[in-house]
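Next come the chains, spelled out residue by residue.
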Amino acid sequence: MTWTDWTREFEVEPSLYAADFARLGEQVDELLEAGVRVFHFDVGDGHFIPPITTGPIVLESIAPRVHAAGAVLDCHLMVEAPERHFGQFREAGADSVTVHFETCPALPPVVGLARQEGLQVGLVFNPETSVEPVASAAISAEVDLVLCMSVHPGWSGQAFIQESVDRVRRLRELLPDAIPVQVDGGVGQANIRELFDAGARFFVAASAIFGGKDPPAAYQELVRALS
């Protein structure tokens, strides 16, 4: 199965890093009932980004219910040497991993190792990184998607970097149609349609979904903004 099989014209991906971990399974079930097809799962190692975030044990605890509902888990590896962890995340239930341009100077071998594990693989880049070399690397390595960070990776609740809209637009111009653009950071009602018009199709949302009292309703409001 591939991203093409999993996804519709666009997908709003709840970022589980912002969930209430005392109610994680319950919130996942509620969002599945609301129509979620892809969950975003952030992983930080305390090196590439300062925070140490969730890992394979948490992923393994929710993967069965996600997969039973026909949904998938998209793992954003904010870690050094991400290839060391592909097998562990695949065993825990990951369907796709996204690695950072900044940590993978030799990208094709990393992509190859992910594919050996049966994983889809994306490429992500930070706000300070130029779009052009990322697009070139993504095309050469034949990744499945490119993720444009619209905040600095590692913390939920940051303000959206407005220049990201132009970066998404430029990325869409450079990439072939077969490689979709994902955006992560500060995505919400105020900017999701603008990002869609710029060319993004996958939208990671953290506080915009989990910051209120009704995450399923917040998810559906974001979907309606794109419909």
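Up top is the structure.
Since the model is a prediction, treat every value here as computed from it, not as a measurement. (Residues numbered from 1 in each chain as written. Predicted model: local features only at pLDDT ≥ 70, side-chain atom pairs only at ≥ 80, totals over all residues. Heavy atoms only, no water.)

For the chain, the count of helices and strands is 10 helices and 8 strands. In summary, the chain has a C-alpha radius of gyration of 16 Å against a globular reference of 17 Å for 227 residues, a match within 12%. With the C-alpha coordinates aligned to their principal axes, the bounding extent of the chain is approximately 40 × 35 × 35 Å. Scored against the burial criterion, the 227 residues of the chain give a buried share of 56%. In the chain, 68% of the contacts between residues at least 6 apart in sequence involve partners at least 24 apart. By element, 50% of the accessible surface of the chain is carried by carbon and sulfur atoms, the whole surface being about 9,500 Å². Placing the 15 positive and 32 negative side-chain charges of the chain at their respective mean positions leaves the two points 4 Å apart. (Helix = DSSP H or I, 4+ residues; strand = E, 2+ residues; numbered from the N terminus. Rg over C-alpha atoms; globule rule 2.2 N^0.38 Å. Buried < 20%, exposed > 50% of the residue type's maximum accessible area, 1.4 Å probe, protein only. Contact = heavy atoms within 4.5 Å. Areas by Shrake-Rupley, 256 points an atom, 1.4 Å probe, with all protein chains shown as cover. Lys, Arg positive; Asp, Glu negative; His and termini not counted. Charge placed at Lys NZ, Arg CZ, Asp CG, Glu CD.)

Taken across its 7 residues, strand S3 (residues 72-78) has 7 buried, putting it largely inside the fold. Residues Val72, Asp74, His76 and Met78 of S3 are buried on one face, and the alternating residues Leu73, Cys75 and Leu77, pointing to the opposite face, are buried as well. Relative to strand S4 (residues 96-100), S3 is paired through 4 bridges, and the arrangement is parallel. Pairing of Cys75 across the sheet is with Val97, part of S4. This β-α-β element, S3 to helix H4 (residues 86-92) to S4, shows right-handed connectivity. (Pairing = 2+ DSSP bridges. Right-handed = clockwise from strand over helix to strand, strands pointing away.)

Before going further, it helps to spend a moment on the packing of aromatic side chains. Here the distance between the centres and the angle between the planes together describe a pair of aromatic rings. Applying the stated criterion to the full structure yields 3 aromatic pairs. Consider the rings of Trp3 and Trp6, whose centres lie 5.4 Å apart with planes at 65°: the pair is edge-to-face. Of the two residues, Trp3 and Trp6 both sit in helix H1 (residues 3-6), 3 residues apart, roughly one turn of that helix. By the burial criterion, Trp3 is buried, and Trp6 matches it. Seen in terms of ring centroids, Phe10 and Phe196 are 6.2 Å apart; in terms of plane orientation they differ by 85°. Their pairing is edge-to-face. Of this pair, Phe10 sits in the loop between H1 and strand S1 (11-14) while Phe196 sits in helix H8 (residues 192-198), placing them 186 residues apart in sequence. Accessibility classification places Phe10 together with Phe196 in one group, the buried group. Through pairs of rings, three or more aromatic residues link up here, namely Trp3, Trp6 and Phe202. The lysine or arginine in question, Arg201, covers the ring of Phe196, its NZ or CZ lying 3.7 Å from the ring centre. (Phe/Tyr/Trp six-rings, centres within 6.5 Å; stacked < 30°, edge-to-face > 60°. Lys NZ or Arg CZ within 6 Å of the ring centre and 35° of its normal.)

Attention now goes to the pattern of salt bridges. It is possible for side chains of opposite charge to pair when their charged atoms get near one another. Under the definition given, this model contains 10 salt bridges. Linking Asp29 and Arg65 is a salt bridge whose minimum nitrogen-to-oxygen distance equals 2.8 Å. Highlighted residues: Asp29 in helix H2 (residues 24-34) and Arg65 in helix H3 (residues 56-68), separated in sequence by 36 residues. As a salt-bridge pair, Asp144 and Arg115 come within 2.9 Å of each other at their nearest N and O atoms. Of this pair, Asp144 sits in the loop between helix H6 (131-141) and strand S6 (145-149) while Arg115 sits in helix H5 (residues 107-116), and the two are 29 residues apart along the sequence. Looking at Asp144, the relative accessible area reads 17%, which means it is buried. The partly exposed category is assigned to Arg115, whose relative accessible area is 34%. One salt-bridge network, in which partners are shared between bridges, spans Arg23, Glu26 and Glu30. (Salt bridge = Lys/Arg side-chain N within 4 Å of Asp/Glu carboxyl O.)

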